[in-house]
Amino acid sequence: MASGFSHRFLKRCRTGKVRFFIGYRISSDIQRQTRQLCNRKSCVKSSMDHNVVRLRKGTCQGFKEADLMLKMAEKVEDRNLAFLTMYIGLFGPEIAVNIGRPTRQTIIWDGASISCKEHVPERNMAGPTKFLTMCLDYIQHDLQKYGNLSADCCLPFFANLWGFDFWNCHNSGVDVLEFTSDDSITEKIAWVLSTAAETISTKEKQGVSLNSPFLLYLVPSRDKVEKVHQICKPLELAGIETLILHSGASLDHHVHSIKEIEPEFLVSTPERLLELLQVEAVDISQIFLMVVDGTEAPFNKSFFRATEEIRRSIHRCHQTVVFSLE
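Residues numbered from 1 in each chain as written. Predicted model: local features only at pLDDT ≥ 70, side-chain atom pairs only at ≥ 80, totals over all residues. Heavy atoms only, no water.

Q: Explain the pairing of strand β3 (residues 94-97) to me, using residue names and the numbers behind them.
A: Residues in a regular strand project their side chains so that they alternate between the two faces of the sheet. Judged from the four bridges that link them, β3 and strand β4 (residues 105-109) form a sheet pairing that is antiparallel. Its bridge partner lying in β4, E94 is registered against I108. Bridge count between β3 and strand β6 (residues 175-180): three bridges; the pairing is parallel. Residue I95 lies in a different strand from β6, and its bridge partner there is D175. (Pairing = 2+ DSSP bridges. Helix = DSSP H or I, 4+ residues; strand = E, 2+ residues; numbered from the N terminus.)

Below you can see the structure in the form of structure tokens.
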């Protein structure tokens, strides 16, 4: 994401041109819909005197509310701002943007207002464990072996500054919104997966038993499922099992696989995961980390709706990572 994003965001907030967190005026039709939602005692709060809508996390309870978010996002000209508008309901109170870069910002929102603060690097003397380094090495070696890694990638994954910043975000419980380029996404996914594997290993050493998947990775297509699985697969050497779910296999096959494998990671298209949730074949209520990847088209309505519905099936407080290609 361009560094100008943070500057434009702050300028609009300071001048008062932005009442809602990214700021746009809403039409009379959306105002009317908002009043209807408020009358149904939903989580949406409106402030008609300022002609804006204020939202809380978990606002999109159903397709009508999701449609409201989509209509509101469509009013925003800036693509990155529109993206944040639409997906804000997935995030917690702190969202790290531009991590690993000098333009890194933390967006703070309480459901009613938004502010930005400059990032102050934390001094974490512990650092990632040898287990995490091992996981990164497994992934990089496997991708190089089978020609799935760019020839330009000559540095070890462990030297990636984005990864260190993400690791700190993960351990601080801060959500991450990442606007990334296609040529750098592989290393970032490797860091997310390896960090999750490290957390699982640490919990097991502490005697914590995980009876359901730890990580849920949502992507829009079967091809993307396969690409992410290529990065997950080397972690089998570290004891991490991954199950992929997509429309290319039968529902019965996936039901059987879930029972047999008992995976730590789930990589799935939203549509197939919803089918499995409807027949109670999979439990995602205790997911610790949800990754949403492949949102290159910000107004992919079916992907957005399905992602919102899936998020409501996660009952515990979890961390969210959202990737979007620049």
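Q: Describe the confidence of the model for the protein, listing the residues and the values that go with them.
A: Model confidence for the protein is summarised by a mean pLDDT of 76, while 66% of its residues fall at 70 or above. For the protein, the element scoring lowest by mean pLDDT is strand β1 (residues 45-47), at 30; strand β9 (residues 265-268) scores highest, at 98. Considering only residues more than four positions removed or in separate chains, one finds that residues 1-63, a stretch of pLDDT under 50, has 123 contacts. (pLDDT = per-residue confidence, 0-100. Contact = heavy atoms within 4.5 Å.)

Q: Which residues make up the packing of aromatic side chains, and what are the values?
A: Here the structure, examined in full by the defined rule, presents six aromatic pairs. Judged by centre distance (6.1 Å) and plane angle (20°), the rings of F158 and W191 are stacked. In this pair, F158 sits in the loop between α5 (130-145) and α6 (161-172) while W191 sits in helix α7 (residues 185-205), placing the two residues 33 residues apart along the sequence. You can call F158 partly exposed: its relative accessible area is 27%. Relative accessible area serves as the criterion here: at 0%, W191 is assigned to the buried category. Between the aromatic rings of W162 and F166, the centroid separation amounts to 5.4 Å while the plane-to-plane angle is 0°, which identifies the pairing as stacked. Here W162 pairs with F166, and both are found in helix α6, just four residues apart, close to one helical turn. (Phe/Tyr/Trp six-rings, centres within 6.5 Å; stacked < 30°, edge-to-face > 60°. Buried < 20%, exposed > 50% of the residue type's maximum accessible area, 1.4 Å probe, protein only.)

Q: Please provide a residue-by-residue account of the packing of α6 against α7, values included.
A: Look at α6 against α7: their axes get within 10 Å of each other, and the N-to-C directions meet at 40°. The angle between α6 and α7 falls in the class oblique. For α6 against α7, the interelement crossing comes out right-handed. Where α6 abuts α7, its residues W162, G163, F164, F166, W167 and H170 lie against K188, W191, V192, T195, E198 and T199. Looking at side-chain class alone, the contact of α6 with α7 contains six nonpolar, four polar and two charged residues. (Axes fitted to C-alpha atoms, helices over the stretch in contact; angles between N-to-C directions. Parallel < 35°, antiparallel > 145°, perpendicular 65-115°, else oblique. Left-handed = near helix turned anticlockwise from the far one by under 90°. Nonpolar A, V, L, I, M, F, W, Y, C, P; charged D, E, K, R; others polar.)

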